[in-house]
Amino acid sequence: MSSTASELEPVAWTRETSQEPLETNDDTLKAVREMIKAGKRTQIVELLKKWDPIDVMQLLTRLRLKHARKLFQWLPANPSIKVVAELRPEFRSILMEATTLDQFRDILAGLDPEDATEILNEFPDDVADELIARLPDVEEIATRASYADDTAGRVMARKFVALREDCTAGEAVEQMREEADRIRKVFTVYVTDFDGKLTGTVEVGKLLLAPDEQTLGKLMNRDVIAVSTDTDQEEVLRLARKRDMRTVPVVSGEGHLIGRITPKQLTRIAADEANEDMLLMSGVSGEARSDDTVFRIVRGRLPWLLAGLVGASVAATVVGSYEDQLAEAAILAAFIPVTMSMAGNAGLQASAVAVQGIATGALWSGDILFRLVKEFFAALFNGAVAGVILAALVLIASMIVPLEAPWRLAIATSLSLLCVTTLAAMVGATVPIILDKIGIDPAMAIGVFITSSNDVLGVLIFFLMATTFYMS
């Protein structure tokens, strides 16, 4: 195929020219693929210069990996940096090779330290660390590596507007105009004392409406909330949501303003934490990625599977200990899956609500007892309804298939369902809170731990009820 850049321009993936969704523009995709195979570097680079970085990103994610790597290496430095910022972290790490890292090292070394640091924040931590290690004598950029992963220091932006208390509103507005090229979006002006310590904040809207001669010391909100560089990013997000903060200032141990968490970073933190919690709730390591090697996949999943195996083995042991009862009344075996399923579902529901409350800051110490009481009565009601329905089903089934002592069986199964649902919900609601108090991610509770523990409790309660009310 002898496609040229001019032939492709009418269907280029730009919002101005493309009337069809990017995902279905297969003709353009095919033409670009053929140009890459033919080695037409100059033509394709000229074409892609006219595309939006987001469109180039979509193109890369639809190409075969070897073609995407080649195209990425062909891109000039400026567009390629912007494209990388749009890529999903797991795809960026696959796409970037040693030669590409060397290329970015040279680009970052020639940038202003603040610009370079901001770009580094766009990369996955492992890629950023690799780049920092390759940078020659760039101390200000390298300090980023001194902060632990998932902390405010690691993700904060060093660009902000900070002025002293004696600065006037007019001077502040003029300063914002001068900083416009360096800082694209300013929502809050930070106010410091003569030593550079954070003392307050002024919203931009309030600043613009104030008289020019008014000092920031009289305009500012002194009830300022800041975080330290070692504050966990999840705690930063929780604080921002609780206090409805668009940006979060970051201060040093002495109280000096050194950075801020931007709205973009807060959104990214929320996505990262949600993704990590989803993986943990599924019984997968929170660091798992789609491009993991076989070894990393096994290392991240096998421990959880083995933990589930232990829980299932304990449940099987409980069932085996009631072998005589099962031999005497085989009908009981039919209700074991029902009991285990209800226990698991009730526990997962309660623990999911608890984890969400902890993550969003909606659950606090003074509220715990009240919420647990609510969970108890809700679970009691749910268990009662489920138990009555199960009892009715048992009695209806006894009219079709002869059952020994159907009323006693109905009572035993319904009471077991009531107790199992209530207990499982209380375990699910309590365990995440306990884990959070001792410093363990409560999302871990929703996976194998809650399911396995409730399976064991469910089977044990079921047989206790069966032996008490049905087989006595």
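This structure is a prediction, so every number in the text was calculated from the model and none was measured.

S.K.: Explain the confidence of the model for the protein chain to me, please; I cannot follow it from the model alone.
M.R.: Close reading of the predicted structure is inappropriate where its pLDDT is low. This prediction gives the protein chain a mean pLDDT of 75; 72% of its residues lie at or above 70. Segment residues 1-24: pLDDT under 50, and 50 contacts once partners within four positions in sequence are set aside and those in other chains are kept.

S.K.: Can you walk me through the packing of aromatic side chains in this structure?
M.R.: Each pair of aromatic rings is reported with the distance of its centres and the angle of its planes. Evaluation of the coordinates by the stated rule reveals 3 aromatic pairs. Ring centres of F376 and F377 lie 5.3 Å apart, and the angle between their planes is 75°; on these two criteria the pair is classed as edge-to-face. Look at F376 and you get partly exposed, because its relative accessible area is 33%. Ring centres 5.3 Å apart and planes at 70° place the aromatic pair F462 and F463 in the edge-to-face group. Taken individually, F462 and F463 each receive the classification buried, so the pair is uniform in this respect.

S.K.: I'm lost on the pattern of salt bridges in this one. Help?
M.R.: Where charged atoms from two side chains of opposite charge come close, those side chains can pair. On inspection of all chains with the given rule, the structure shows 4 salt bridges. Between E174 and R177 there is a salt bridge; the shortest N-O distance is 3.3 Å. Pair noted here: E174 and R177 are both in helix α13 (residues 169-179), with a separation of 3 residues, about one helical turn. Residues D223 and R243 are paired through a salt bridge, measuring 3.2 Å at the closest nitrogen-oxygen approach. Placement of D223 in the loop between α15 (216-219) and β4 (227-228) and of R243 in helix α16 (residues 233-243) is noted, with a sequence separation of 20 residues between them. The exposure class of D223 is partly exposed, given its relative accessible area of 49%.

S.K.: Can you walk me through the sheet that holds strand β1 (residues 162-164) in this structure?
M.R.: Remark on secondary structure: sheet strands pair via backbone hydrogen bonds, oriented parallel or antiparallel. Read from one edge to the other, the open sheet built from 3 strands follows the order β1-β2-β3, with strand pairing classed as mixed. Both edges of this open sheet fall to β1 and β3 (198-203), since each of them pairs with a single strand only. For this sheet the average axis-to-axis angle between neighbouring strands, irrespective of direction, equals 35°. With 3 bridges joining them, β1 and strand β2 (residues 188-192) adopt parallel strand pairing. Counted as the bridge partner of R164 is T192 from β2.

S.K.: Can you help me understand the pairing of strand β6 (residues 257-261) in this one?
M.R.: Strand residues, when the strand is regular, have side chains that alternate between the two faces of the sheet. Across the 5 residues that make up β6, a large majority, 4, are buried. Taken together, the 4 bridges between strand β5 (residues 248-251) and β6 define a ladder with antiparallel strand orientation. Counterpart to V250 in the pairing with β6 is G259.

S.K.: Which parts of the structure should I look at to understand the nonpolar core?
M.R.: Buried together is how nonpolar side chains tend to be arranged in soluble globular proteins. L332, I336, F463 and Y470 are the most contacted members of the largest nonpolar core, which has 25 residues in total. The set of elements that each furnish at least two residues to this core consists of α18 (294-321), α21 (368-400), α22 (406-437) and α23 (448-470). By residue number, the principal contributor to this core is α23, which donates 6 residues. Each residue touching Y470, except ones within four places of it in the same chain, is listed here: A329, I331, L332, E404, A405, R408, L409, A412 and M465. Formed by 18 residues, the second largest nonpolar core is a distinct cluster that contains L47, L48, V56 and F72.

Criteria and thresholds
- Residues numbered from 1 in each chain as written.
- Predicted model: local features only at pLDDT ≥ 70, side-chain atom pairs only at ≥ 80, totals over all residues.
- Heavy atoms only, no water.
- pLDDT = per-residue confidence, 0-100.
- Contact = heavy atoms within 4.5 Å.
- Phe/Tyr/Trp six-rings, centres within 6.5 Å; stacked < 30°, edge-to-face > 60°.
- Buried < 20%, exposed > 50% of the residue type's maximum accessible area, 1.4 Å probe, protein only.
- Salt bridge = Lys/Arg side-chain N within 4 Å of Asp/Glu carboxyl O.
- Helix = DSSP H or I, 4+ residues; strand = E, 2+ residues; numbered from the N terminus.
- Pairing = 2+ DSSP bridges.
- Axes fitted to C-alpha atoms, helices over the stretch in contact; angles between N-to-C directions.
- Core = buried A, V, L, I, M, F, W, Y, C linked by side-chain atoms within 4.5 Å.

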